[in-house]
Amino acid sequence: MLALRTTLARALVAAVGLSVLTACGAQSDPGPAASAASDKKITVYSGRSEELVKPLLDRFTQESGIAVEARYAATAAMATQLVEEGDRSPADVFLAQDAGALGAVAKAGLFAPLGADVTGKVPAAYRAKSGEWVGVTARSRVLIYNPDLVAADKLPASIFDLTGADWKGKVGVAPTNASFQANITAIAVQHGEARAKEFLTGLKANDPQIREGNGPIVEEVESGKIAVGLVNHYYLGEIAKEQGKTPDQMKAKLHFFPGGDSGALVNVAGVGVLKKAAADADTLAFVNYLLGVPAQTYFAEETFEYPVVAGAPAPAYAPALSELKVPAVDLNDLDRLDTTIAMIQESGLVP
């Protein structure tokens, strides 16, 4: 529980800091002009885990000769640090786990707009309307389930069904995880804050199995300790890899909520460039590298996420990104971090 409280506390600090900075009315700079000379080094603040992205950062350094100093923490904690440091931050790039955190930092006036030559590589649904951040990979929210405990024909049609009596004590959730928070924000965007609060209250009352992250939920669904769990789709691939299996050899299976349900949110991990690095040649080379086919292929094959750039393969065990029935939610509207965290705290999902 201490870890859960610490994570939420950090996220709440991020929310407060971002809200204050937004209220100050920081102005955005115009887009970058010609790139500055290269000094062959960049600093990346990563809200994605070292285990997932360090191999790719090392490849970038090997291929480009540009050294990367990476600092790792939860996405909300990294946003907090960026806000606290302000213009003094050594960061050139923020690599974040979800669009909500990117949007919140953009609202705080910390990012420079990216050029159309960068943003144009990614479909409009997966980038900021302002051009201040761009998606790098996509991931779908799913219900992972153990077919020994839940028959396929008994799976819920909607995420809202999980507050029903049939699911009491059976649902794994990670309320301090950025992806869960983004999913709750999406519910509020699609159905209003009252419905989001009602869902959280109902979920809490239904005795959920609270865990610190998606990985433990997948492991426990696989072993039969939990019947179902709300996670991102790619965690099945990651846990299978850790266990020396392919995803189709796992007992656990993925259920994609149908019909544009809020539980089928497709979010992005993405990147934003800090204002001071807007014209830095090395920083722009890094962003372009992330959006190149080799890096996109790495994400598809090594971390099992959906590429957002044409020419890279999709994860073999999941439906094509274009086939998913996603909710009518604009990722640009997922920047309500403070409101969402307050709702989660008020629900009692995190003491």
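One structure accompanies this document, and this report is about it. From a predicted model like this one, the values you see are computed outputs, not experimental measurements.

Quick word on the overall build of the protein chain
Here's step 1: Helix and strand counts for the protein chain come out as twelve helices and ten strands.
Here's step 2: Relative to all contacts within the protein chain whose residues are 6 or more apart in sequence, the contacts with residues 24 or more apart total 78%.
Here's step 3: Accessible surface, the protein chain: about 13,800 Å² in total, of which carbon and sulfur atoms supply 52%.

Some points on helix α4 (residues 99-107)
Here's step 1: Counting buried positions along α4 gives eight out of nine residues, so the element sits mostly inside the fold.
Here's step 2: Of all the positions in α4, only A99, G100, A101, L102, G103, A104, V105 and A106 are classed as buried.
Here's step 3: Sitting at the amino-terminal end of α4 is D98, which places a side-chain oxygen 2.8 Å from the backbone nitrogen of G100.

Remarks on the environment of Y289
Here's step 1: For Y289, the position within the fold is in helix α10 (residues 281-290).
Here's step 2: Measuring from C-alpha to C-alpha, the distance between Y289 and S64 comes to 9.4 Å, with 225 residues separating the pair along the chain.
Here's step 3: Setting aside chain neighbours within four positions, we find Y289 in contact with L56, R59, F60, E63 and A295.

Points about the pattern of salt bridges
Here's step 1: Taken as a whole, this structure holds ten salt bridges when the rule is applied.
Here's step 2: For D58, the salt bridge identified is with K54, shortest N-O distance 2.9 Å. Of this pair, D58 and K54 are both found in helix α2 (residues 50-64), four residues apart, which corresponds to roughly one turn of the helix.
Here's step 3: For E302, the salt bridge goes to K241, with nearest N and O atoms at 2.7 Å. Note that E302 is positioned in helix α11 (residues 293-302) and K241 in helix α9 (residues 234-242), a separation of 61 residues in sequence.
Here's step 4: In this structure, a network of salt bridges that share partners links the residues R48, R139 and E305.

Overview of the pairing of strand β2 (residues 67-72)
Here's step 1: The pairing of strand β1 (residues 41-46) with β2 spans six bridges and is classified as parallel. By the bridge assignment for β2, T43 is matched with E69.

Concerning the packing of aromatic side chains
Here's step 1: Applying the stated criterion across every chain, the model contains six aromatic pairs.
Here's step 2: Here F60 and F286 contribute two aromatic rings whose centre-to-centre distance is 5.2 Å and whose plane-to-plane angle is 70 degrees, an arrangement assigned as edge-to-face. With a gap of 226 residues between them, F60 in helix α2 and F286 in helix α10 connect regions that are remote in the sequence.
Here's step 3: Overall, the relative accessible area of 2% leaves F60 in the buried class.

What counts, and at which threshold
- Residues numbered from 1 in each chain as written.
- Predicted model: local features only at pLDDT ≥ 70, side-chain atom pairs only at ≥ 80, totals over all residues.
- Heavy atoms only, no water.
- Helix = DSSP H or I, 4+ residues; strand = E, 2+ residues; numbered from the N terminus.
- Contact = heavy atoms within 4.5 Å.
- Areas by Shrake-Rupley, 256 points an atom, 1.4 Å probe, with all protein chains shown as cover.
- Buried < 20%, exposed > 50% of the residue type's maximum accessible area, 1.4 Å probe, protein only.
- Polar contact = N/O pair within 3.5 Å; in protein donor to acceptor, adjacent residues only side chain to side chain.
- Salt bridge = Lys/Arg side-chain N within 4 Å of Asp/Glu carboxyl O.
- Pairing = 2+ DSSP bridges.
- Phe/Tyr/Trp six-rings, centres within 6.5 Å; stacked < 30°, edge-to-face > 60°.

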